[in-house]
Amino acid sequence: MSDTSMPQPAVALPIQIHAQYVKDLSFENPNAPASLQPQSEAPRIEVNVDVQASKVADNDVFEVTLKITASGRTAGSPLFLAELSYGGLFTLQGIPEDSLHPVLLIECPRILFPFARAIIAEVTRDGGFPPLLIQPVDFAAMYRQGQAAGAARRDGAA
């Protein structure tokens, strides 16, 4: 008798990714070609990240959208503005109801972020600037801050 084990059935993971896609992408270089000339000062870069999630079907399918806005400017004028809405379709199975919201706003954007980061880097490079490499985002901290801000608004409204 051989000592080979029988193949195990595939275990369904709690998060399944069905698709990732660019929903909206915009890049502006309003002062080109002057903005592409050597600058006397380092540009100020500002990056804002937001996450939104919504249910799209009755069978536990959710759309998570990562919105990134990145801008660069010098004291005199704007250099560029990049705006990206990057979405993903996820099925979440076997996740307790009280854990659903954190999974949607922490784990799902953590999966999407490297792809969105690469798109921002490519579009800024294609716009004539060095690629903008956005630092990793702590989505758990963002979630906690959002929860705290929501609690403060509720307490202020009461």
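Residues numbered from 1 in each chain as written. Predicted model: local features only at pLDDT ≥ 70, side-chain atom pairs only at ≥ 80, totals over all residues. Heavy atoms only, no water.

1. Let's talk about the sheet that holds strand E2 (residues 44-55)
- Spatial ordering of the open sheet is given by E1-E4-E3-E2, a layout of 4 strands whose pairing is antiparallel. Edge positions in the open sheet fall to strand E1 (15-28) and E2, since each of these has one partner strand only. Each strand of the sheet is rotated relative to its neighbour by a mean of 15°, with strand direction disregarded.
- Here E2 pairs with strand E3 (residues 61-73) via 12 bridges, running antiparallel. Bridging from a neighbouring strand, Gln52 pairs with Thr65 of E3. (Pairing = 2+ DSSP bridges. Helix = DSSP H or I, 4+ residues; strand = E, 2+ residues; numbered from the N terminus. Axes fitted to C-alpha atoms, helices over the stretch in contact; angles between N-to-C directions.)

2. Overview of the pairing of E3
- Counting the residues in the hairpin turn of E2 and E3 gives 5 residues, including Asp60, whose phi is positive at 65°.
- Where E3 folds back on strand E4 (residues 78-92), the antiparallel hairpin that results is connected by 4 residues.

3. Here we look at the packing of aromatic side chains
- Counting across every chain of the model gives 3 aromatic pairs.
- Here the aromatic rings of Phe80 and Phe129 are separated by 5.2 Å at their centres, their planes lie at 50°, and the arrangement is tilted. With a gap of 49 residues between them, Phe80 in strand E4 and Phe129 in the loop between helix H1 (97-126) and helix H2 (139-157) connect regions that are remote in the sequence.
- Take Phe80: its relative accessible area is 6%, and that puts it in the buried class.
- Both rings, one in Phe113 and one in Phe139, keep their centres 6.0 Å apart while their planes meet at 70°; by these two values the pair is edge-to-face. In this pair, Phe113 sits in helix H1 while Phe139 sits in helix H2, placing the two residues 26 residues apart along the sequence. There is no split in this pair, since Phe113 and Phe139 are both buried. (Phe/Tyr/Trp six-rings, centres within 6.5 Å; stacked < 30°, edge-to-face > 60°. Buried < 20%, exposed > 50% of the residue type's maximum accessible area, 1.4 Å probe, protein only.)

4. Notes on unusual backbone geometry
- With an omega dihedral of 5°, the bond running from Ala32 to Pro33 counts as a cis peptide bond.
- Its place among the elements puts Pro33 in the loop between E1 and E2.

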